[in-house]
Structures are given as structure tokens and as C-alpha cells.
Amino acid sequence: MDAEAALAQKVQMPSRVIVQKFSSAVDENELSEIRVLAEAAVDDSIQIDVGNDGASRLLEIIPLYPVSRESFPIARSLSETRRRPAPRSEAGAIARRNAILAQIEQVPLGIMVFEADQGSQQPDLDAWKIGLGTNGPLFDLSGTHLVGSTILERAKDPLARRGVTLVENALVVAPYLESRSSKGSSDYSVEQGVLFWTSMGMIAFGLASMFSVLPSFRKAKRRSAKIKANTVESFPAISPFQPIADQDEISDDAEDEPAQKTSRIMTVATNMFRAKSRP
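What counts as what
Every chain begins its residue count from 1, and numbering advances along the sequence as written. Thresholds applied to this predicted model are a pLDDT of at least 70 for local features of residues and 80 or more for the giving and counting of side-chain atom pairs; totals over whole chains, interfaces and linings are not thresholded and use all residues. For the side-chain quantities, the full set of heavy atoms in the structure was used; hydrogens and water were omitted. Buried residues of nine kinds, namely Ala, Val, Leu, Ile, Met, Phe, Trp, Tyr and Cys, make up a nonpolar core once their side-chain atoms join them within 4.5 Å. Buried means the residue's accessible area, taken with a 1.4 Å probe over protein chains only, is under 20% of the maximum for its type, while exposed means over 50%, and partly exposed covers the values in between. Secondary structure elements are defined from DSSP: runs of H or I of at least 4 residues count as helices, runs of E of at least 2 residues count as strands, and each element is numbered from the N terminus. Working definition: a ring pair exists when centres of Phe, Tyr or Trp rings (six-membered ring for Trp) sit within 6.5 Å. Plane angles under 30 degrees give stacked, over 60 give edge-to-face, the rest tilted. We treat two strands as partners when DSSP finds at least two bridges between them. Think of it as the arc spanned by the lines of direction from the helix axis to the C-beta atoms. We call two residues in contact whenever any of their non-hydrogen atoms come within 4.5 Å of each other.

A. Just the nonpolar core, in detail. Ile-48, Ile-61, Ile-111, Val-113, Ile-151, Leu-159 and Leu-166 are the most contacted members of the largest nonpolar core, which has 19 residues in total. Of all the secondary structure elements, the ones that give two or more residues to this core are strand 3 (46-49), strand 4 (58-65), strand 5 (110-115), helix 6 (151-160) and strand 8 (171-175). For this core, the element with the highest residue contribution is helix 6, accounting for 4 residues. In terms of nonpolar packing, the next biggest core, distinct from the first, is built from 18 residues, Val-19, Leu-64, Leu-109 and Trp-128 among them.

See the structure below:
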């Protein structure tokens, strides 16, 4: 088992969310994993070549649309919260919701991508299909959110020629072809690897802090503050409000005792020499 698979077992997969309500801050975990319900315009799919240095690499691109009025009842039935039949008093709210869906259901909000080279694993689109919508089948997609990927830039113009104009900062999803733990989803960008190792570092540091495996940092800080306080010589040596010395200060006093004894001997010797030298 590799490090990413091991970390995936510790991180919970996000809950489903309809694509038009997706928020990266809420609906995405530490591994950039997401789970969205969206309508896929399979008939408008394209292929782009993202290879370099003369090597070809084909990707299949399928536009993703919002959950429409037609597929919304199916999406709502998959919600974690059980719903009762809507009372008549909610008729106005339902009408407003349908009006909003009517305005956005024809706006492509993102794309899904997967390898299209000969010999690469192909997705089972029928397995993702859970209903029908205005723009195509309603898909339940689990995969990786690709942020800062060049795939979106390369796909915009070919999609525009098909009449598909993506919104700015459109969602890019690399769905898991089999399951979360499988190797079905390719790593499409360097940013995904950076985010993974950053997450590993944050989790490791959190565990270290939790189990206090870094005591030397705190001890060093305490000793440095004490040494700074000892450099102040203007206060009297004895005060009625002087705190009781702790064990560390007693140890430090013991270490400084030889130097203090030497200083007192030199003072006594100097006074004796001055007394003898007087006429």
C-alpha cells in the first residue's frame, strides 16, 4: 500500500453535493477529493492532446451542467436528510427554486476528464448514471478536483466550437474509474502532488504536537528566557518578594557557583593587598 492510499483510509470522503452548490472550502477534503451530482453532456464530449516533447496524450473531456429541474427530485432523494412531502405552504419556495434552476440549468459549470489513449482504462458511464436530466444523464461523480490545471485552458476553445462556453474557474473533475482506493484516476497535474505532500506534513506535525514529541523546543525557549532575565544586574540580590527558585534555577546556580567563589576569592585577595600596601 502506497502513502497516498494509506492517507486516504484516514481521511473521510466528502458528502454528495449538487454541482451548482459546490464549495471547495466545505465540500472538498485534504486530498482534494470531491463528490458531486451533475448532468453530463456526453454528446458534446471532445478529445484534446495534452502531451509534450512530441509524445501524445489524449484526454476525453465531457462538459458538466447543473442539476436541472428534471433531475432535481432524484438528487434530493440522495440527500443525507430524510424529507417529508412538501406541504402547500412551501409552494412559493418551490416555485422560486425552480425559477433559479431554470436560469442556470443551461450553463456549463465544469468538465470531467479521463484518459483516452488506446490501451488506457475507460470509464463505465452507465455505472455513474443515476437518472436523466435536461442536458444529459445525471452522474454521481467521486474523484479528484484538479486546481490550476492546464487542461481547462486547452479545453475551452474546442468546447466553444461545440457551443459550450464554460464559466470562469470552471470545476475540473478527474473521476475515480473504479473505486477510491484503485489506480483508476490519473494524476493530471503537479499541483495535486504538492497538495498531497503538504497534507501529509500538516498531519504529521499535528500528531507530533499532540503527543508532545518535541519537548526540546519548549525547554530551549524557557532556558533562553531565563538567561535573558539573569543578565539584568541592577536589581538587589535579595528581595522580600523574590520567588522561590525552581529546580532548574538551582541547577543553574550550582553550575555558576565555582565562578562566584573565584570572584569572591579575588575580591578578598585584592582587599588584603590594599591593606598591606597602606603606610
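B. Representation of the packing of aromatic side chains in the model. As enumerated under the stated definition, the model contains 1 aromatic pair in all. Taking 6.1 Å as the distance between ring centres and 75 degrees as the angle between the ring planes, the aromatic pair formed by Trp-128 and Phe-139 counts as edge-to-face. Here Trp-128 is found in helix 5 (residues 125-128), whereas its partner Phe-139 is found in strand 7 (residues 137-145), with 11 residues between them in sequence. Here Trp-128 and Phe-139 have matching classes, each one buried.

C. Here's a closer look at the pairing of strand 2 (residues 33-40). Buried residues dominate strand 2, accounting for 7 of its 8 residues. Note that strand 1 (residues 17-18) and strand 2 share 2 bridges and pair parallel. Its bridge partner being in strand 2, Val-17 is matched across the sheet by Val-36. Where strand 2 and strand 7 come together, 7 bridges link them in antiparallel fashion. Across the sheet, Arg-35 pairs through a bridge with Ser-142, a residue of strand 7. As defined by bridge partners, strand 2 adjoins strand 4 across 2 bridges and the pair is classed as antiparallel. Residue pairing across strands places Ala-40 opposite Leu-64, the latter belonging to strand 4.

D. The side chain of His-145, seen in detail. By the element assignment, His-145 lies in strand 7. Look at His-145 and you get buried, because its relative accessible area is 10%.

E. Local environment of helix 6. Here helix 6 has its buried residues at Ile-151, Leu-152, Ala-155, Pro-158 and Leu-159. Relative to the axis of helix 6, the buried residues are bounded by an arc of 130 degrees and lie together on one face. In this structure, helix 6 carries Glu-153 and Asp-157 as exposed residues pointing more than 90 degrees from its buried face. If you follow the buried residues of helix 6, they end up packed against strand 3, strand 4, strand 5 and strand 8.

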